[in-house]
Number of protein chains: 2
Amino acid sequence: MDNTASYSELLKLKGLKNTKHRNSVLKVVELSEQPISAEQIYFNLKESNVSVNLSSIYRILETLVNKNIVIKTNLTVTNKALYEFNFQIHKHHLICSGCKKMLSIEGCPLEDYEKTLQEKSGFSITGHSLEIYGYCNDCKNNYKS
Amino acid sequence: MDNTASYSELLKLKGLKNTKHRNSVLKVVELSEQPISAEQIYFNLKESNVSVNLSSIYRILETLVNKNIVIKTNLTVTNKALYEFNFQIHKHHLICSGCKKMLSIEGCPLEDYEKTLQEKSGFSITGHSLEIYGYCNDCKNNYKS
DNA sequence: TTAGTTGCAAATCGTTTGCATCAAG
DNA sequence: CTTGATGCAAACGATTTGCAACTAA
């Protein structure tokens, strides 16, 4: 999914107008190795000489999130929202408290747990957010207390 | 831990000055059944005729978080920070997407998982944040799509 | 006495909104 | 043509900061 046509199709499929800016934002988000902020998207596009207003980026992201094409996250550390492409593969992130780099972890340790919890709590469980924190190999030694 | 003396001791133990306002904030946070926002703390204190400036509350919370006396959380849904007393009992929250009520879940499904992950990833894992979303019994039926 | 704490007002930062213009269907 | 998308500037809400006055140690 790295050619422009497929973004157009995706948008059409979800009942959204196929605009240049939506395509651009989608591309940046999809190709980003890590969840990315609205501002980062803005500058990233600027570097490619694509000028999109920051508020438009927020609006585009909002619609993409509503359509479940993009996932929005809020980390305790950053206090700004991060966005990532929804590849439909359930995964989590391992975040380095030193350099803030994020590693994707595929596979989820919570599937069985949620079923049990659903029965015990009476909640109808729809999802979860899990982030794991630590220090990566590079940062391990710089943060010894 | 619901008497004033123990808050003073806790502060002293952590090398913090024992001030009235810190005691008040600690008390509100500790007695709150759910993670609570700075603003909620502010109004809660106001009702008890304790006047603390909102910016002081933020500063107090910051120091308490740094000393690991209080835990800060950021939910994707609310976009404001919530604070809870660190009882040292590891637990998570089950959050109703309807009425936003939060249930505490004790026990953690991740302990073994983290050990494995630590070996596989080379990260030195320090902790995690997990929130589980769903609809509670009361809200289940109001949100059928 | 001195370093750390607080109140107050102003600044900051991420995000949202109103409105006029523009482009996709 | 019509509805929805965008740019721009201004508004917003949560949080932070500078500074002077104060208080715990």
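So, here is what we can say about the structure in this document. (Residues numbered from 1 in each chain as written. Chains lettered and ligands numbered in written order. Predicted model: local features only at pLDDT ≥ 70, side-chain atom pairs only at ≥ 80, totals over all residues. Heavy atoms only, no water.)

1. Observations regarding the overall build of chain A
Summing up its helical and strand segments, chain A has five helices and six strands in all. Beginning at the N terminus, the succession of helices and strands in chain A can be written as α-α-β-α-α-β-β-β-β-α-β. Expressed as lengths along the three principal axes of its C-alpha atoms, the size of chain A is roughly 45 × 45 × 25 Å. Scored against the burial criterion, the 145 residues of chain A give a buried share of 43%. Considering only contacts within chain A whose residues lie at least 6 apart along the sequence, 44% involve residues at least 24 apart. Working note: accessible area of chain A is about 8,500 Å², and carbon and sulfur atoms make up 47% of it. (Helix = DSSP H or I, 4+ residues; strand = E, 2+ residues; numbered from the N terminus. Buried < 20%, exposed > 50% of the residue type's maximum accessible area, 1.4 Å probe, protein only. Contact = heavy atoms within 4.5 Å. Areas by Shrake-Rupley, 256 points an atom, 1.4 Å probe, with all protein chains shown as cover.)

2. Some words on the pattern of salt bridges
Residues and elements named next belong to chain A. Scanning the model with the defined rule gives four salt bridges over all chains in all. Of the charged contacts, one joins E39 and K80 as a salt bridge, the two residues approaching to 3.5 Å between their closest N and O atoms. With E39 in helix α3 (residues 38–47) and K80 in the loop between β2 (70–74) and β3 (81–85), the pair connects residues that are 41 residues apart, well separated along the chain. Looking at K80, the relative accessible area reads 39%, which means it is partly exposed. (Salt bridge = Lys/Arg side-chain N within 4 Å of Asp/Glu carboxyl O.)

3. Some details on the protein's contact with DNA strand D
If you check the shell around DNA strand D, you find 18 residues, and the closest are A:T19, A:R22, A:S56, B:Y58 and B:A81. Backbone sugar and phosphate groups make up 62% of those atoms of DNA strand D lying within 4 Å of the protein. Contact between DNA strand D and A:K17: a base oxygen at 2.9 Å from a side-chain N or O atom of the residue. Counting residues per element, the ones that place at least two in the surface near DNA strand D are α2 (20–31) and α4 (54–66) of chain A together with α4 (54–66) of chain B. In terms of residues, the surface near DNA strand D owes the most to one element, α4(A), which gives four residues. Here the residues of the surface near DNA strand D are counted per class, giving four nonpolar, eight polar and six charged. (Near = heavy atom within 4 Å. Polar contact = N/O pair within 3.5 Å; in protein donor to acceptor, adjacent residues only side chain to side chain. Nonpolar A, V, L, I, M, F, W, Y, C, P; charged D, E, K, R; others polar.)

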